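Each chain, written out:
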Amino acid sequence: MSPQSVLSPMGPDAARIAETAAILAVGAAIVMTIVVAVLWLAMRGSPAVRRRLQADRFVAIAGVAFPVVTLTALLAYGLWTMQAVISPADASSAMRIEVVGEQWWWRVTYRDARGRSVASANEIRIPVGRDVLFELSSADVIHSFWVPNLGGKVDMIPGRTTTLRFRSDRPGAYRGQCAEYCGGAHALMALEIVTLPEEEFDAWLAAEAMGAALPATEVERKGGQLFLAGGCGACHAIRGTPATSSVGPDLTHVGGRRFIAAATLPTTRENFARFIVDGQHLKPGNGMPPFRIFAPEEVDAIAAYLASLK
Amino acid sequence: MWLAGPIVWALHLAVVYGAESFACSRGSAAAHSVLGAMATLVALVMLAILVVQASGRRRVANGATFMDRVAVWLGVAGMAGVIASYLPVLMIPACLSPA
Amino acid sequence: MTVAATPTGEYPHPLPRPPDELDRLKAAWALPKGWRIVSAVNNTVIGYLYIATAFGFFVLAGILALLMRTQLAVPDNTFISQETYNQLFTMHGTVMMFLFAVPAVEAMGVLLLPQMLGARDLPFPRLGAFAFWVYLVGGLVFFCTLFVGMAPRDGWFMYPPLSSERFSPGVGADFWLLGIGFIEISAIAGAIEIIVGVMRTRAPGMTLARMPIFAWTMLILAGMIVFAFPAVILATILLELERAFGWPFFIAERGGDPLLWQHLFWFFGHPEVYIIFLPAAGMVSMIVPTMAGTSLVGHRLIVVALIATGFFSFGLWVHHMFTTGIPARSLGFFSAASMAVSVPSGIQVFAWIATIAAGRLRLTAASLFVLGFLTVFTLGGLTGVMLAMVPFDWQAHDTYFVVAHFHYVLVGGMVFPLLAAFYYWAPAFSEKPLSERLGKWAFGLIFTGFNVAFFPMHVTGLIGMPRRVYTYPAGLGWDWLNLVSTVGAFMVAAAILVILVDFVRNLRPTLTDAAGNIWKAGTLEWMENHTYGARSVPYVDSLEPLWAHPTMVDDVHQGRYYLPGTNTGGREAIVTSAVEAEPQYLMRLPGPGWAHVLAAFFTAAFFLLLTVKAVTIALACGALAVAMIVAWMWNSDPASVGRADIGGGIALPTYVSGPVHPAWWAMCVLIAVAGALYLSYVFGYLYLWTVAPQTWPAASALPAASWIILAAALLVASGVALSAAQRILGRSRPAFAILVAIGVASLAAALIVDVLSQWRSGLRPEASGHGAMVYAGAVLQAQVSAAVAVMAAFALMRLARGLLDAERRVVFDNLRLMWIYAVGQGLFSLLLTHGFPRAVG
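Residues numbered from 1 in each chain as written. Chains lettered and ligands numbered in written order. Predicted model: local features only at pLDDT ≥ 70, side-chain atom pairs only at ≥ 80, totals over all residues.

Considering the overall build of chain C
Line of reasoning, step 1. Within chain C one finds 24 helices and four strands.
Line of reasoning, step 2. The C-alpha atoms of chain C give 27 Å as radius of gyration, which agrees with the globular expectation for 841 residues (28 Å, within 12%).
Line of reasoning, step 3. In terms of overall dimensions, chain C has a C-alpha envelope of 85 × 80 × 50 Å along the principal axes.
Line of reasoning, step 4. Here chain C, with 841 residues, has 64% of them falling under the buried criterion.
Line of reasoning, step 5. Contacts in chain C between residues far apart in sequence, at least 24 positions, make up 80% of those at least 6 positions apart. (Helix = DSSP H or I, 4+ residues; strand = E, 2+ residues; numbered from the N terminus. Rg over C-alpha atoms; globule rule 2.2 N^0.38 Å. Buried ≥ 20, exposed ≤ 12 C-beta atoms within 10 Å, placed from the backbone. Contact = placed C-beta atoms within 7 Å.)

As structure tokens, then:
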């Protein structure tokens, strides 16, 4: 299975589109073969065959009647599929998740069972077997939300809220990527959707709604202090600490995500450290200035602290 | 007049698409269905008259006769286009988007 | 005894011809010597330069593509930086579309059309030359921004808000907007030239039924440019106003909408694809019958298909916006149109196949490129049908699948036919034909390389790789597919290298000793291609006159047909009627000159200096450009010298006015351009209203009705003054001058009253989308009013010199058309900006 592929559908909506793609591809291959064969016959066929091919009737049948009939059928099929993909199976049970595209990351807000909002970023967890309705918007330029294993893409446009609904049928981690060129580091604006069994998801969301884990080791504790002292809280929030700004991604549970920097680097202590010092090289133009004020062991402490925020 | 077929198609598209867009941006999907149906009917009737007229016309001049023939086929193409544009109205509910 | 092609069977002129006739003809059409060739206006010379320049940009943009392919060869590559890559793909797309594809097809039209139509030249030679020089200077400067890191980096589609002042500070985006903006003006100038050329300068007897398919495609292409380009010109004007002055057309917080740009851009952008493809299809329709040695099957059906394509292509633009959240039924309309447009292309493909079946296809290099075109383009068309299916597009949109699709359509549908055209038409314009051996090698390389490069991209896209990414991580299955694509790209480059070698070794442009009709083709461009075209202008009674009349080439060369010399001693062209091609007028054409060249340079300087905010020098250059245009127009309306005999008992007037004059047609086309620009604006106004009606004022906040009545009265007064001036023309010069002055002043006053009324009501352009739109309407009205003012001043200058009277009145006719349009647009504007808010408020 490929983690970012139209051809490995992991939900009913993506499956329907993959089926359409297969039908279209086979149809296109057949037509292509016919055209090449007819072209060959026109050049090398017997005089009788070529006499038939040069008649006006041939052009009328092959060039007018055949396309009109097949395209009308295709159009009807396409419209029917479109409606089927859009129309909800059961609109009321859909879970809602708000995603805001920003240069070059994703702001994610869940609503938990009690209607409270839970802030997160760059990794989205959803329950298996349940429709999820994404409410998409943008904070700056146009982005496009796309997780090919689960469904089509929808643009995130300033001033509008667009919607996308899909369902995952199998637990797994599926990669998505911004599909509308959004300047600078567009290539490095990815995300992951992790789908979990319903109970697991509920437990996870309850944990996600809580504040950050307390530092367990001395290094982590020092890292936490440096995080605040270094001014990281001017942009990032870690719930349960004085850091509450929402300029950049919420880091309350950043250590629990599989990737950092919008699915660009695996979540490791080393990668946290690299991003703090050298983020502009790893992801040019991103909103975070390089923090070279810290000594190497201080960077490591902050990295250890962030990695501990499961 | 020779280009009436595609011109009528273009106007018809403008009417059905414009009506749909306007109605959906205002959250009301009622009145414009009638407008779309009317526009389609009018377009098809106009094109049918045009095709019949142009195919009956006989002129001596070479260029004009040629263009009359072209006009007939363009009229037919326009009618096909109008019908194709109306297919989505028949198949898809107004203002449908995922919600 | 041979029989002439004329209806009577008699040759218009007897032999032998007077001994000095040919020398006088040659002298009239002589080219300037040495470096002064820059001042030349002959369509052949301009055509060569035009094509060479376009091909040069093709090579340059291709090199950018190679750089990108090198970067993408392996995952996580660091060969090119993010910033540079973003500039590269922006420039690759922009240069290929605006500096290669459109100019290249227009260039083929400039070079081939007069020869193919049996005309001496295009009807406005200096306009064609002006269009070329603007393009050359502007294009080179635009390309060079890449070397100083000032190139745009927002994609060739320039979507706001990414391209807005906030997210793209600096001059890169301005270079795109102003640079490309005026190259579009060059394209429109070319389109006017082509429309009037095809409609009015065909050889006698070449009715629309006998017009070659290539001419049809150029006519439709030019018509499409007239209606499509204004949409993007309006979009660039609006975005530049937003960037420079903060008018929020595309800023959602203030009642604008980023999607307005997408609608306007793609209303141009999709027809653009067919603007590129149709002429290429036209070339194929010329090459296939020659190489198969038989007439084109389904000629009339192809004409129908071409016209239908031209129209349908305007109904597809939303298929670039299938993922923007537009309601499903609206998507359905455009899905339907997207499928409908493929039917005409299917008709053409099968008509070509039928033609091949009817004859015997000679497998020349040109034929190979045509066969490559047929297969590659067909596949591109089929993936196009796939993308027209909305749900599939939701997945494939903005992935490498789309990259593959449109390269199949554009390279298959335009580059292959263009290369076929080079190999096919070279003998008509070069002392030696191109090498068949090198051509076949080039074809083998490019056909293989192209498919190796682009076929895998279908898969790359479907397994998840989005477009416009400067790098990608390993392990997603994209690695080896990208490597293969890169290898293919270098094979394509090798093919282009082979073709360039062939050009260097064999292409020897000539106007006197061309290799000639080595393919035994049947159309008129295979007669001699001297500076004056052919010696005499034949009567055309079939689609392939050279096949129908084997002696025609000789007869034409000996001067047995119409206009074998020059009547007036200068350059002349026969103007014929639009449908039946009956001779109507002997038009005198201008010779070489410098005014149009300088006008082009100053026009380019005006726009480019504006980009770098050198406003004062820019304005000076703008004024100089206008002065040069006036200088160039000054002797463009020579007085009548009585009737001129072109042979066969036909004596044509040497002065006409009104609809018979080609200038009247050109003016009508120009007004269509202005009208399309204004219609795009009306769409924008209404569109923003549907999106953000809250920024539209209540009736009480609108200017009082008395203002509007005053403005409307001034417009009507302007129209009355015009009509009175028309009546008095030739009777009283002072009265005429006063009426024109009053009329122009009222036109300007109406605009000032309108703007003042809005300003006093408290409306500000930077406050809201509505305000911005109202003042943008004033900008458009100021444009046409300024045009009327300049044309009126020009007319008055000629009046003062005695060059304008009741007979010699083409200058006034043109002014009148523009003036009527300006009054109409002004009245409509009042209705829209004052009436509409009242109607809906």
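Regarding the overall build of chain A
Line of reasoning, step 1. Scanning chain A from N- to C-terminus turns up seven helices and 12 strands.
Line of reasoning, step 2. The C-alpha atoms of chain A give 26 Å as radius of gyration, which overshoots the globular expectation for 310 residues (19 Å, by more than 25%).
Line of reasoning, step 3. With the principal axes as the frame, chain A shows a C-alpha extent of 90 × 45 × 35 Å.
Line of reasoning, step 4. A buried classification covers 46% of the 310 residues belonging to chain A.
Line of reasoning, step 5. Considering only residue pairs separated by 6 or more positions, chain A has 64% of its internal contacts joining residues 24 or more positions apart.

Some words on unusual backbone geometry
Line of reasoning, step 1. With omega at 0°, the peptide bond leading from A:Q103 into A:W104 counts as cis.
Line of reasoning, step 2. The residue A:W104 is located in the loop between β1 (95-102) and β2 (105-111) in this model.
Line of reasoning, step 3. Omega for the bond connecting C:P160 with C:P161 falls within 30 degrees of zero, at 5°, which places this linkage in the cis form.
Line of reasoning, step 4. Among the structural elements, C:P161 can be located in the loop between α4 (125-144) and α5 (172-200).
Line of reasoning, step 5. A positive phi angle, near 50°, is found at C:M158, a position not held by glycine.

Considering helix α9 (residues 328-340) of chain C
Line of reasoning, step 1. Between its first and last C-alpha, α9(C) extends 18 Å over 13 residues, near the 18 Å set by a 1.5 Å rise per residue.
Line of reasoning, step 2. Of all 13 residues in α9(C), 13 are buried; the element is thus mostly enclosed. (Expected span 1.5 Å × (residues − 1).)

Observations concerning the interface of chain B and chain C
Line of reasoning, step 1. Chain B puts 34 residues into the contact, and the matching count from chain C is 26 residues.
Line of reasoning, step 2. Secondary-structure elements contributing two or more residues to the side of chain B that touches chain C are α1 (4-25) and α3 (62-91) of chain B.
Line of reasoning, step 3. No other element matches the 17 residues that α3(B) contributes to the side of chain B that touches chain C.
Line of reasoning, step 4. Here the residues of the side of chain B that touches chain C sort into 25 nonpolar, seven polar and two charged. (Nonpolar A, V, L, I, M, F, W, Y, C, P; charged D, E, K, R; others polar.)

With respect to the interface of chain C and chain A
Line of reasoning, step 1. Contact residues are listed per partner, giving 63 residues for chain C and 65 residues for chain A.
Line of reasoning, step 2. When residues of the side of chain C that touches chain A are traced back to their parent elements, those giving at least two are α3 (82-117), α7 (258-292), α9, α10 (342-358), α11 (365-388) and α12 (390-396) of chain C.
Line of reasoning, step 3. Looking at the side of chain C that touches chain A, its residues break down into 41 nonpolar, 18 polar and four charged.

Here we look at the domain arrangement of chain A
Line of reasoning, step 1. With domains assigned, chain A is organised as domain 1 (12-86), domain 2 (94-208) and domain 3 (218-308).
Line of reasoning, step 2. One C-alpha centre belongs to domain 1 of chain A, the other to domain 2 of chain A; they are set 38 Å apart. (Domains from an automatic or database assignment.)

Description of the packing of α5(C) against helix α18 (residues 595-611) of chain C
Geometry of a packed helix pair, given as the angle between the helix axes and the separation of the axes.
Residues and elements named next belong to chain C.
Line of reasoning, step 1. Between α5 and α18, the shortest axis-to-axis distance is 9 Å and the interhelical angle comes to 165°. Relative to α18, α5 is oriented roughly antiparallel. The handedness of the crossing between α5 and α18 comes out as right-handed. Together, D174, F175, L178, G179, G181 and F182 of α5 and T603, F607, L608, L610 and T611 of α18 make up the contact between the two elements.
Line of reasoning, step 2. Per-class residue counts for the contact of α5 with α18 are six nonpolar, four polar and one charged. (Axes fitted to C-alpha atoms, helices over the stretch in contact; angles between N-to-C directions. Parallel < 35°, antiparallel > 145°, perpendicular 65-115°, else oblique. Left-handed = near helix turned anticlockwise from the far one by under 90°.)

Observations regarding the pairing of strand β2 (residues 583-589) of chain C
All names here are of chain C.
Line of reasoning, step 1. Among the seven residues in β2, five count as buried, and that is most of the element.
Line of reasoning, step 2. As defined by bridge partners, strand β1 (residues 571-576) adjoins β2 across six bridges and the pair is classed as antiparallel. Along β2, the bridge assignment pairs I574 with L586.
Line of reasoning, step 3. In textbook terms, the turn of a hairpin is the stretch between consecutive antiparallel strands, and for β1 and β2 this stretch comprises six residues, one of which, A581, has a positive phi near 55°. (Pairing = 2+ DSSP bridges.)

Remarks on the sheet that holds strand β5 (residues 132-138) of chain A
Residues and elements named next belong to chain A.
Line of reasoning, step 1. Pairing within the open sheet is mixed, and its five strands lie in the order β3-β2-β1-β5-β8. Each edge of the open sheet carries a strand with a single partner, namely β3 (117-121) and β8 (162-166). Within the sheet, the average angular offset between the axes of one strand and its neighbour, ignoring direction, is 25°.
Line of reasoning, step 2. Where β5 meets β8, five bridges bridge the pair, whose relative direction is antiparallel. The partner of L136 across the bridge, within β8, is T162.

Quick look at the nonpolar core
Line of reasoning, step 1. With 453 residues, the main nonpolar core has C:I225, C:I353, C:F369 and C:A420 as its most contacted residues.
Line of reasoning, step 2. In terms of residues, this core owes the most to one element, helix α6 (residues 213-245) of chain C, which gives 24 residues. (Core = buried A, V, L, I, M, F, W, Y, C linked by C-beta atoms within 7 Å.)

Side note on the sheet that holds strand β9 (residues 172-177) of chain A
All names here are of chain A.
Line of reasoning, step 1. Ordered in space as β4-β10-β9, the three strands form an open sheet in which the pairing is mixed. Edge strands, defined here as strands with exactly one partner in the open sheet, are β4 (123-127) and β9. Ignoring which end each strand starts from, the neighbouring axes of this sheet average 25° apart.
Line of reasoning, step 2. As paired elements, β4 and strand β10 (residues 190-196) share five bridges and run parallel to each other. Note on β10: the bridge partner recorded for E123 is E192.
Line of reasoning, step 3. Of the strands in this sheet, β4 and β10 touch helix α4 (residues 198-209), which is tilted by about 135° from β4.

Let's talk about the pairing of strand β3 (residues 643-647) of chain C
All names here are of chain C.
Line of reasoning, step 1. Direction of pairing for β3 relative to strand β4 (residues 650-653): antiparallel, over a ladder of four bridges. Paired with R643 across the strands is P653, a residue of β4.
Line of reasoning, step 2. The hairpin formed by β3 and β4 contains two residues between the paired strands, and G648 there has a positive phi angle of roughly 65°.

Regarding the environment of C:G372
Residues and elements named next belong to chain C.
Line of reasoning, step 1. Residue placement: G372 occurs in helix α11.
Line of reasoning, step 2. Classification of G372 as buried rests on a count of 23 C-beta atoms within 10 Å.
Line of reasoning, step 3. Along the chain, G372 and P417 lie 45 residues apart, while their C-alpha atoms are 8.7 Å from each other.

Some remarks on the environment of C:V691
Line of reasoning, step 1. Note that C:V691 resides in helix α20 (residues 662-691).
Line of reasoning, step 2. Exposure remark for C:V691: the 20 C-beta atoms within 10 Å place this residue in the buried category.
Line of reasoning, step 3. For the pair formed by C:V691 and C:A252, sequence separation is 439 residues and the distance between their alpha carbons is 9.5 Å.
Line of reasoning, step 4. When residues no more than four places from it in sequence are discounted, the contact partners of C:V691 are B:S25 and C:D257.

Remarks on the domain arrangement of chain C
By a frequent convention, interface size equals the accessible area lost on bringing the separate parts together.
Residue and element names in this part refer to chain C.
Line of reasoning, step 1. When its domains are assigned, chain C resolves into domain 1 (34-506), domain 2 (593-634) and domain 3 (675-840).
Line of reasoning, step 2. Taking the mean C-alpha position of each, domain 1 and domain 3 sit 37 Å from one another.
Line of reasoning, step 3. Contributions of two or more residues to the side of domain 1 that touches domain 3 are made by α6 and α7.
Line of reasoning, step 4. Of the residues forming the side of domain 1 that touches domain 3, the biggest block, nine residues, is contributed by α6.
Line of reasoning, step 5. Residue classes in the side of domain 1 that touches domain 3 are distributed as 14 nonpolar, four polar and two charged.

Some thoughts on α18(C)
Line of reasoning, step 1. Between its terminal C-alpha atoms α18(C) stretches 24 Å, which fits the 24 Å expected from 17 residues at 1.5 Å a residue.
Line of reasoning, step 2. Where burial is concerned, most of α18(C) is hidden: 15 out of the 17 residues are buried.

Details of the packing of helix α3 (residues 56-86) of chain A against α3(B)
Line of reasoning, step 1. Interaxial distance between α3(A) and α3(B) falls to 10 Å at its minimum, and their mutual angle equals 25°. As summarised for this structure, α3(A) and α3(B) are arranged roughly parallel, according to the angle between their axes. Crossing handedness for the pair α3(A) and α3(B): right-handed. Together, A:V68, A:L75, A:A76, A:L79, A:W80 and A:Q83 of α3(A) and B:A80, B:A84, B:L87, B:P88 and B:M91 of α3(B) make up the contact between the two elements.

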